[in-house]
Amino acid sequence: MSAATTRSRTPRTPRTPDRLCAEAVDLARAAAEEAAAPGVVGPHVEVVAEGDRVVTHFFEVEEPGYRGWRWAVTVARASRAKNVTLDETVMLPGPDALLAPEWVPWSERLRPGDLGPGDLLPTEQDDLRLEPGYTGEDAPPPNSAVSEDMAEHLDVEDAEIVSRTPSRGTIASVAEELGLRRARVLSRYGLHVAADRWDEAFGAKTPMAQAAPASCESCAFLMPLAGSLKQAFGVCANEFSPADGRVVSLAYGCGGHSEAAVMPKPPRPAPPVFDSMAADVFALRPPKDSGSTTEPDDVSEDLGHS
């Protein structure tokens, strides 16, 4: 590795550049243009002494996408020689260069929801979220009749035993019969991490829970979990809830609570009926048998007027 690539890693005392190497600007520019292309090598920036008769010339990079980068051309000359020779040409980032972000391993970049169909997510052997599902200590106690020490002692005395390692009495075999034979299970740390994550997404401090009429603890749509987490979490089974199919805290709540008050619907008036195709008949006088009015006689009454 040359001095140009390691220059920024090891601090050193500034040196005085060699005069002949410092004057070889044209040689350094020609080498930079040969490595890049004519027209992308910018003005000369500075000269840095890398050692005795070893100098690095820096030129600006005018190529798009490399803002702040510089062409570094290292030249040198032998002792008592006047000819300057080319050592190395490389493009290096400057103090204000545009750099890519620091690389992060894929295991640290992974986020919930990134796993798709066909993807495999291997779990590390020393994952703190997991612990052995069973101890695996299938060896019998030392004082047992089927232990290796006791078996050797019985062999010396010509004693007979049925079986030294009973397979059906081991922890692994019993766990397999019960359907619980898992290599690893959640540790206490794994449970706490999961509980914190669920409580942050669907917990009592969410805006939905703050505006809910009641908590999930009294909701009929809550399906309790098994194990130690059932004391604080359950699964929502309300299809209209934003947490449907999600693990929710018992202190969470939403507007779809099963016991939410049902407001009665306001009465809807009958629609108006318009009949403009027929005429309505109204009587000028009430019927004679109604008793409300009296029809005048046809013969006028004599009032004594002449």
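Bear in mind that the values here come from a model prediction, so they are computed numbers and not experimental data.

What follows deals with the overall build of the chain. Within the chain, the regular secondary structure consists of seven helices and nine strands. Counting every position in the chain, which comprises 306 residues, the buried fraction comes to 23%. If you take every contact in the chain between residues at least 6 apart in sequence, the share linking residues at least 24 apart comes to 52%. Carbon and sulfur atoms form 54% of the exposed surface of the chain, whose accessible area is close to 23,700 Å².

Tracing the chain through its elements places Asn238 in the loop between β8 (233-236) and β9 (247-249). Of the residues examined, Asn238 reaches a relative accessible area of 6% and is grouped as buried. At a separation of 2.8 Å, a polar atom in the side chain of Asn238 contacts the main-chain carbonyl oxygen of Gly256. Other than its neighbours up to four places away in sequence, Asn238 contacts Phe221, Asp244 and Gly256.

A few words now on unusual backbone geometry. Leaving glycine out, the prevailing phi sign among residues is negative, and the prevailing peptide bond configuration is trans. A positive phi is found at Arg53, a non-glycine position, where the angle reads about 60°. Residue placement: Arg53 occurs in the loop between β1 (41-51) and β2 (54-61). Notably, Arg80 is not glycine yet its phi reads approximately 65°, a positive angle. With respect to the secondary-structure elements, Arg80 resides in the loop between β3 (69-76) and β4 (85-93).

All right, on to the pattern of salt bridges then. Within the structure shown, the criterion is met by three salt bridges. For Arg19, the salt bridge identified is with Glu23, shortest N-O distance 3.5 Å. Its relative accessible area of 54% is what places Arg19 among the exposed residues. Taking the relative accessible area as the measure of exposure, Glu23 reaches 53% and is therefore exposed.

Within the element layout of this structure, Val84 appears in the loop between β3 and β4. The residues contacting Val84, other than those within four sequence positions of it, are Leu20, Cys21, Ala24, Leu27, Val75, Ala76 and Arg77.

Here we take up the state of the cysteines. One pass over the structure, following the stated rule, counts zero disulfides. A disulfide-free cysteine, Cys254 has its sulfur positioned 5.8 Å from the sulfur of Cys236, the nearest such atom.

Moving on, we get to helix α2 (residues 25-35). Listing the buried residues of α2 in full gives Ala28, Ala31 and Ala32. Projected down its long axis, α2 carries its buried residues within an arc of 100°, all on one side. Those residues of α2 that are exposed and angled more than 90 degrees off the buried face are Asp26 and Glu34. Along its buried surface, α2 packs onto β1, β2, β3 and β4.

Further remarks concern the sheet that holds β1. The antiparallel open sheet is built from four strands, whose spatial order is β1-β2-β3-β4. On the outer flanks of this sheet lie β1 and β4, each paired with one strand and no other. Adjacent strand axes in the sheet meet at a mean angle of 20° when their direction is disregarded. Summarising the sheet, β3 and β4 pair through eight bridges and their orientation is antiparallel. Pairing of Thr74 across the sheet is with Glu88, part of β4. Of the strands in this sheet, β1, β2, β3 and β4 touch α2, which is tilted by about 115° from β1.

Cut-offs applied
- Residues numbered from 1 in each chain as written.
- Predicted model: local features only at pLDDT ≥ 70, side-chain atom pairs only at ≥ 80, totals over all residues.
- Heavy atoms only, no water.
- Helix = DSSP H or I, 4+ residues; strand = E, 2+ residues; numbered from the N terminus.
- Buried < 20%, exposed > 50% of the residue type's maximum accessible area, 1.4 Å probe, protein only.
- Contact = heavy atoms within 4.5 Å.
- Areas by Shrake-Rupley, 256 points an atom, 1.4 Å probe, with all protein chains shown as cover.
- Polar contact = N/O pair within 3.5 Å; in protein donor to acceptor, adjacent residues only side chain to side chain.
- Salt bridge = Lys/Arg side-chain N within 4 Å of Asp/Glu carboxyl O.
- Disulfide = S-S within 2.5 Å.
- Arc of directions from axis to C-beta.
- Pairing = 2+ DSSP bridges.
- Axes fitted to C-alpha atoms, helices over the stretch in contact; angles between N-to-C directions.

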